[in-house]
Amino acid sequence: MNSTGASVYVVDDDTSAREGVAGLIRSAGLTPKTFASAEEFLAAPRPKIPSCLVLDVSLPGLDGLDLQQELAKSADPVPIIFLTGHGDIPMTVRALKAGAANFLTKPFDDEELLGAIQQCLKIASLERRAQTLERSLKTARTHLHGRYDFTQILGQAAVFRDALARAAQVAPTESTVLVTGESGTGKELVARAIHYASPRADGPFVAVNCAALPDTLLESELFGHERGAFTGADRQKPGRFELAAGGTLFLDEIGDLSPAVQVKLLRVLQEREFQRIGGTATLKADVRLITATNRDLSAEMTAGRFRSDLFYRLNVFNVHLPPLRERGDDVLLLADHFIRTLGVQMGKGDLTLSRDACDLLRRHPWPGNIRELQNAIERSLITSEGTLIAAAHLALASSPVPVAAAPPAQAGPSTADHTGQGKASGSIEELERAAILDALQRTHGHKTLAAELLGVTRFQLHTRLKRYGIEVAPDWKASIRNAI
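Let me begin by describing the structure that accompanies this report. Every chain's residues receive numbers from 1 upward, in the order its sequence appears when written. pLDDT decides what is reported in this predicted model: residues at 70 or higher carry local features, side-chain atom pairs at 80 or more are listed and counted, and totals for whole chains, interfaces and linings draw on all residues regardless. With hydrogens and water set aside, each side-chain value is computed from the structure's full complement of heavy atoms.

**Let's talk about the overall build of the protein chain**
Which entries qualify depends on this criterion: The helix and strand labels rest on DSSP assignments: H or I over at least four residues marks a helix, E over at least two residues marks a strand, and numbering proceeds from the N terminus. Burial classification: accessible surface area is computed with a 1.4 Å probe over protein chains only, and a residue below 20% of its type maximum counts as buried, one above 50% as exposed, and the rest as partly exposed. Contacts are residue-level and defined by heavy atoms, with any inter-residue pair within 4.5 Å sufficient. For every accessible area listed, the method is Shrake-Rupley and the probe measures 1.4 Å; residues are considered covered only by the protein chains on display.
For the protein chain, the count of helices and strands is 19 helices and 18 strands. Relative to its full complement of 484 residues, the protein chain shows a buried share of 46%. For the protein chain, contacts bridging at least 24 residues in sequence account for 71% of all contacts bridging at least 6. Roughly 23500 Å² of accessible area belongs to the protein chain as shown, and the carbon and sulfur atoms make up 53% of that amount.

Printed below as a string of structure tokens:
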């Protein structure tokens, strides 16, 4: 370690011994500063905390051990090497117990003293680095806490503020939370806000999209696996339950879990423990669980696709996020936010929405909700010139068919807070299916463009195509295999 120029303080009442130690320190490329007494050391201005202190035990007035106790009270204690003219085992033990880095007896070996000093400098450097990292981590935590604070979530509509109020109410608890709402309504954002407003805020927030992985991989992702548990498992891998220990595990698209994974998740919730695939050791599940879905889990239970016992474990506290079309002028508030943030990223100047663009934003039913709005604003920034965004730049159909996602799951009086959500599941699915077919027709069967138009990912569109039995033929004609 390069410690050239590091400061080393020497306190010794013997002038020749003090100057001899200073010369030795100087010969090693270090910077010594000497004091004849403990009182002189304490009284002298010290602009920089010494990296190391070479301290004689026997000093007039305040002795070395007393000075050590004074320095130990500081928030930045100094590594100390004690020097003594005679071997005194009890004194040595006392000094070391009090935190001395080393204890040498005069006459000492020069190399031994320099080695002890270098070790002190190394320790001091590591401690400073640790303090710097701790400050950086604290700053990052503060930034995250602020970024995901409930007050930072945009929206003024009463129905949306009520949903955030419910989320803030449950955040300080350890209760399991089920966040419901259509795709793109901000369920993960609210889940993060709950985490950072909870006692587990300093722990990790780990998110898993349950619809993005097949069952075999999802089980490994959640619970981990041991080496050799299956073909390709060449090493032990911790699961998300382990990685989220002390924090929050967020399971998105929980309604897409297979029956097999549902059973294993239920056991974790009941027993608060699990095993890796192929393992025998039982591990504790020290996580707070937040789940989310855009499906009607009550309808899924009725159809036999979702376990009722798991549903009641997950639905301890329900937070339902309303679709964007029910949030009034929040669409303009969010549009302005995306114009400003995306505009900076894309090198655009100050842009504003024209009156016809605002009218279109208010009329549009937003089947893809906030995600679709963000896509529309990004398109408008690409195609617009000047400082005004017109309705044509948004590239939205004037009368699109809305996609109605599943209403919030109802488990009793505690979750029945949202009126107007009692639509029959069949009509909801018909609307969503019709919107998908409309998007495919307008994009001539191009799935990526259709997903963008709907405000969903290509994988989410693929999942819905399978759910509704829709096949896209090579001649761009969509056909339905099974009626739902």
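Next, the rest of the story.
**Digging into the nonpolar core**
Operational definition: Within this scheme, the nonpolar core is defined by two criteria: the residues are buried Ala, Val, Leu, Ile, Met, Phe, Trp, Tyr or Cys, and they are joined through side-chain atoms within 4.5 Å.
Formed by 28 residues in total, the largest nonpolar core has its most connected members in Leu222, Phe241, Leu249, Leu251, Ile254, Leu265 and Phe306. In terms of residues, this core owes the most to one element, helix H10 (residues 259-271), which gives 5 residues. Here Phe306 is in contact with Ile254, Gly255, Gln262, Leu297, Glu300, Met301, Phe311 and Leu314, once residues within four sequence places are set aside. Leu342, Cys358, Ile389 and Leu396 belong to the second-largest nonpolar core, a separate cluster that totals 24 residues.

**Looking at the pattern of salt bridges**
This is how the line gets drawn: What makes a salt bridge here is a side-chain nitrogen of Lys or Arg within 4 Å of a carboxyl oxygen of Asp or Glu, nothing more.
Inspection of every chain in the model, using the stated rule, returns 18 salt bridges. Between Arg295 and Asp256 there is a salt bridge, and its shortest N-O distance comes to 3.0 Å. Of the two residues, Arg295 sits in the loop between strand S13 (288-293) and helix H11 (297-302) while Asp256 sits in the loop between strand S10 (248-252) and H10, which places them 39 residues apart along the sequence. Residue Arg295 is classed as buried on the basis of its relative accessible area, which comes to 13%. For the salt bridge of Glu273 with Lys284, the shortest nitrogen-to-oxygen distance reads 3.5 Å. With Glu273 in strand S11 (residues 273-274) and Lys284 in strand S12 (residues 283-284), this pair connects stretches of sequence that are 11 residues apart. Through salt bridges with shared partners, one network takes in Asp256, Arg295, Glu300 and Arg305.

**Focus: the sheet that holds strand S6 (residues 177-180)**
Stated precisely, the cut-off is as follows: At least two DSSP bridges between two strands are needed for those strands to be called paired. Simply put, an axis is a line fit to the C-alpha atoms, just over the touching stretch for a helix, and the angle between two N-to-C directions goes from 0 to 180 degrees.
Pairing within the open sheet is parallel, and its 5 strands lie in the order S7-S10-S13-S6-S14. Whereas interior strands pair on both sides, the edge strands pair on one side only; in this sheet they are strand S7 (205-209) and strand S14 (317-320). Across this sheet, the average inter-strand angle for adjacent strands is 20°, counted without regard to direction. Pairing between S10 and S13: 4 bridges, direction parallel.

**Considering the environment of Ile80**
Mapping Ile80 onto the fold places it in strand S4 (residues 80-84). The exposure class of Ile80 is buried, given its relative accessible area of 3%. Sequence separation between Ile80 and Ala101 is 21 residues, and the spatial gap between their C-alpha atoms is 5.4 Å. When sequence neighbours within four positions are dropped, the list of residues in contact with Ile80 reads Leu53, Leu55, Gln68, Leu71, Ala100, Ala101 and Asn102.

**Thoughts on the layout of surface pockets**
Condition: Cavities and pockets are found on a 1 Å grid laid over the protein atoms alone: a cavity is a set of points where a 1.4 Å probe fits but cannot escape, a pocket is an open set with protein on both sides within 12 Å along at least five of seven lines, and a lining residue has an atom within 4 Å of such a point. Grid points are joined across faces, edges and corners, and a volume is the space filled by probe spheres set on the points.
Roughly 870 Å³ of internal volume is contained in the largest pocket. Forming the boundary of the largest pocket are 30 residues, of which Gly186, Leu189, Phe338, Ile370 and Gln374 lie nearest the centre. Of all the secondary structure elements, the ones that give two or more residues to the lining of the largest pocket are helix H5 (110-147), helix H7 (187-196), helix H13 (330-345) and helix H15 (369-383). At 5 residues, the largest contribution of residues to the lining of the largest pocket is made by H7.

**Re the packing of aromatic side chains**
The cut-off we apply is this: Here a Phe, Tyr or Trp ring, Trp counted by its six-membered ring, pairs with any other such ring whose centre lies within 6.5 Å, and the pair is stacked when the planes are under 30 degrees apart, edge-to-face when over 60, and tilted otherwise.
Scanning the model with the defined rule gives 9 aromatic pairs in all. Ring plane angle 40° and centroid distance 5.7 Å describe the contact between Phe241 and Phe274, whose orientation is recorded as tilted. Of this pair, Phe241 sits in helix H9 (residues 240-243) while Phe274 sits in strand S11, and the two are 33 residues apart along the sequence. Each of the two residues, Phe241 as well as Phe274, counts as buried.

**Here we look at the sheet that holds strand S2 (residues 31-35)**
Here 5 strands make up an open sheet; going across it, the order is S2-S1-S3-S4-S5 and the pairing parallel. Lying at the two open borders of the sheet, with one neighbouring strand each, are S2 and strand S5 (102-105). Along the sheet, successive strands turn relative to each other by an average axial angle of 20°, direction set aside. Relative to the sheet, helix H1 (residues 15-27) contacts strand S1 (7-11), S2, strand S3 (52-56) and S4, its axis offset from that of S2 by approximately 170°. Together, S3 and S4 form the strand contacts of helix H3 (residues 64-72), whose direction differs from that of S4 by roughly 170°.

**Some words on the state of the cysteines**
Inclusion rule: Defined by distance alone, a disulfide is two cysteine sulfur atoms within 2.5 Å.
Following the criterion strictly, the structure yields 0 disulfides and no others. Lacking any disulfide linkage, Cys52 is separated from the closest cysteine sulfur, that of Cys120, by 3.8 Å.

**What to know about a negative patch on the surface**
What counts here: The residues that make up patches have over 30% relative accessible area and no salt bridge, and they are joined within 9 Å when like-charged or within 5 Å when they are Val, Leu, Ile, Met, Phe, Trp or Tyr. A residue counts as positive if it is Lys or Arg and as negative if it is Asp or Glu; His and the chain ends are not included. In plain terms, the charge of a residue is placed at NZ if it is Lys, CZ if Arg, CG if Asp and CD if Glu.
A surface patch of like charges, here negative, comprises Asp109, Asp110, Glu111 and Glu112. With respect to the element layout, Asp110 can be found in helix H5. A relative accessible area of 41% places Asp110 in the partly exposed class.

**Looking at the packing of H13 against helix H14 (residues 355-363)**
Operational definition: Our angle categories are set so that under 35 degrees counts as roughly parallel, over 145 as roughly antiparallel, 65 to 115 as roughly perpendicular, and the remainder as oblique. With the far helix as reference, a near helix turned anticlockwise by less than a right angle produces a left-handed crossing, and one turned clockwise produces a right-handed crossing. Note that Gly is not counted as nonpolar here; it falls among the polar residues with everything else outside the nonpolar set of Ala, Val, Leu, Ile, Met, Phe, Trp, Tyr, Cys and Pro and the charged set of Asp, Glu, Lys and Arg.
Relative orientation of the contacting elements H13 and H14 amounts to 120°, with a least axis distance of 9 Å. Put simply, H13 runs oblique to H14. The handedness of the crossing between H13 and H14 comes out as right-handed. Packed against H13, whose contacting residues are Val331, Leu332 and Ala335, the element H14 presents Cys358, Leu361 and Arg362 at the interface. For the contact of H13 with H14, the residue count by class is 5 nonpolar, no polar and 1 charged.

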